[in-house]
Amino acid sequence: MDLALYIPAFVTLFVIIDPIGLAPLFVALTQGMTARQRRKVAVRACLVALGLLTLFGVAGEAVLNFLGISMPAFRIAGGVLLFLTALDMLFERRAQRRQGQADSAHPEDPSVFPLAIPLIAGPGAIASMILLTGQEGGEALHVLAVHVVMLLVLLVVFLFFMLAAPLERLLGPTGINVVTRLLGMLLAALSVQFVIDGLRDLQVI
């Protein structure tokens, strides 16, 4: 097995998941949390994403077909859910809920949504896993190698998540507020792009 053949797979997943771009999003979504809480959120998000990407990498389109869900529909649903998160970030609804939950034993946890789904294991990453594992005839060794590559990308994601605390200290409260609003706009645009891609795949537009 030529390891050089899997460099494009690493680059593909790295670009689609975008660990560098996820770091400031992680800061915005976990604002006000302690370092321990952030570490738990990061670990849980990466593990959930690992499980989902492994599931789709192994089972491929069979999972979606079994449920009667097409990839375009998956993209559209992911876009709608991401848009709702973007609205929370733009209008500080998330911050207001956090203030109300400050004394709660169960603070808001963004690890599963929107971090694991759809930011890490989004439609693009899932589709990439399906396509990458389908190459080379879907041989077991090839499928295993693709999953090792995916695991390496998720480790990079986790490392960038761990840089959230120093990044937050660097930006300060005002900087975090500005970045949160800006990222809310970018998330809204990304969510609309998900919907457009889904509609295009359905040949609606």
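Look up a bit, the structure's there.
Residues numbered from 1 in each chain as written. Predicted model: local features only at pLDDT ≥ 70, side-chain atom pairs only at ≥ 80, totals over all residues. Heavy atoms only, no water.

**Observations concerning the overall build of the protein**
So, point 1. In terms of helices and strands, the protein carries ten helices and zero strands.
So, point 2. Of the regular secondary structure in the protein, the N- to C-terminal order runs α-α-α-α-α-α-α-α-α-α.
So, point 3. Among the 205 residues that make up the protein, the fraction classed as buried is 41%. (Helix = DSSP H or I, 4+ residues; strand = E, 2+ residues; numbered from the N terminus. Buried < 20%, exposed > 50% of the residue type's maximum accessible area, 1.4 Å probe, protein only.)

**Overview of the nonpolar core**
If you look at soluble globular proteins, the nonpolar side chains tend to sit buried side by side.
So, point 1. By size, the foremost hydrophobic cluster in this structure holds 48 residues, and its most contacted members are Ile-17, Leu-22, Leu-53, Leu-115, Leu-119, Ile-120 and Phe-161.
So, point 2. The element that contributes the greatest number of residues to this core is helix 9 (residues 140-162), accounting for eight residues.
So, point 3. When residues no more than four places from it in sequence are discounted, the contact partners of Ile-17 are Leu-22, Leu-53, Leu-119, Ile-120, Ala-125, Val-153, Leu-154 and Val-157. (Core = buried A, V, L, I, M, F, W, Y, C linked by side-chain atoms within 4.5 Å. Contact = heavy atoms within 4.5 Å.)

**A word on the side chain of Ser-128**
So, point 1. Turning to its location among the elements, Ser-128 is positioned in helix 8 (residues 123-134).
So, point 2. Overall, the relative accessible area of 7% leaves Ser-128 in the buried class.
So, point 3. A distance of 2.8 Å separates the side chain of Ser-128 from the backbone oxygen of Gly-124, its partner in a polar contact.
So, point 4. Once you skip the residues sitting within four places of it in the chain, Ser-128 turns out to touch Thr-12, Leu-13 and Ile-16. (Polar contact = N/O pair within 3.5 Å; in protein donor to acceptor, adjacent residues only side chain to side chain.)

**Quick word on a nonpolar patch on the surface**
So, point 1. Taken together, the side chains of Val-80, Leu-81, Leu-84, Val-112, Phe-113 and Ile-117 make up a nonpolar region of the molecular surface, amounting to roughly 470 Å² of accessible area.
So, point 2. Elements with a contribution of two residues or more to the nonpolar patch: helix 5 (71-90) and helix 7 (111-120).
So, point 3. Its location among the elements puts Leu-81 in helix 5.
So, point 4. Leu-81 sits in the partly exposed class, given a relative accessible area of 42%. (Patch = residues over 30% accessible without salt bridge, like charges linked within 9 Å, V, L, I, M, F, W, Y side chains within 5 Å. Areas by Shrake-Rupley, 256 points an atom, 1.4 Å probe, with all protein chains shown as cover. Salt bridge = Lys/Arg side-chain N within 4 Å of Asp/Glu carboxyl O.)

**What to know about the packing of aromatic side chains**
So, point 1. Inspection of the entire model under this criterion finds two aromatic pairs.
So, point 2. Judged by centre distance (5.9 Å) and plane angle (25°), the ring pair of Phe-10 and Phe-14 falls under stacked. Remark: Phe-14 and Phe-10 occur in helix 1 (residues 7-17); sequence separation between them is four residues, near one turn of the helix.
So, point 3. The class for Phe-10 is partly exposed, based on a relative accessible area of 28%.
So, point 4. Between Phe-26 and Phe-161, the aromatic rings sit 4.3 Å apart at their centres with planes inclined by 15°, giving stacked as the arrangement. Here the residue Phe-26 occupies a position in helix 2 (residues 19-29), and Phe-161 occupies one in helix 9, the gap between them amounting to 135 residues. (Phe/Tyr/Trp six-rings, centres within 6.5 Å; stacked < 30°, edge-to-face > 60°.)

**Things to note about helix 1**
So, point 1. Taken as a whole, helix 1 has its buried residues at Ala-9, Leu-13 and Ile-17. On an axial view of helix 1, the arc spanned by its buried residues comes to 50°, and they lie on one face. Along helix 1, the residues that are exposed and aim more than 90 degrees away from the buried face are Ile-7 and Val-15.
So, point 2. Where helix 1 is buried, its residues meet helix 2, helix 3 (35-59), helix 7, helix 8 and helix 9.
So, point 3. After helix 1 finishes, the residue Asp-18 shows a positive phi value of roughly 60°. (Arc of directions from axis to C-beta.)

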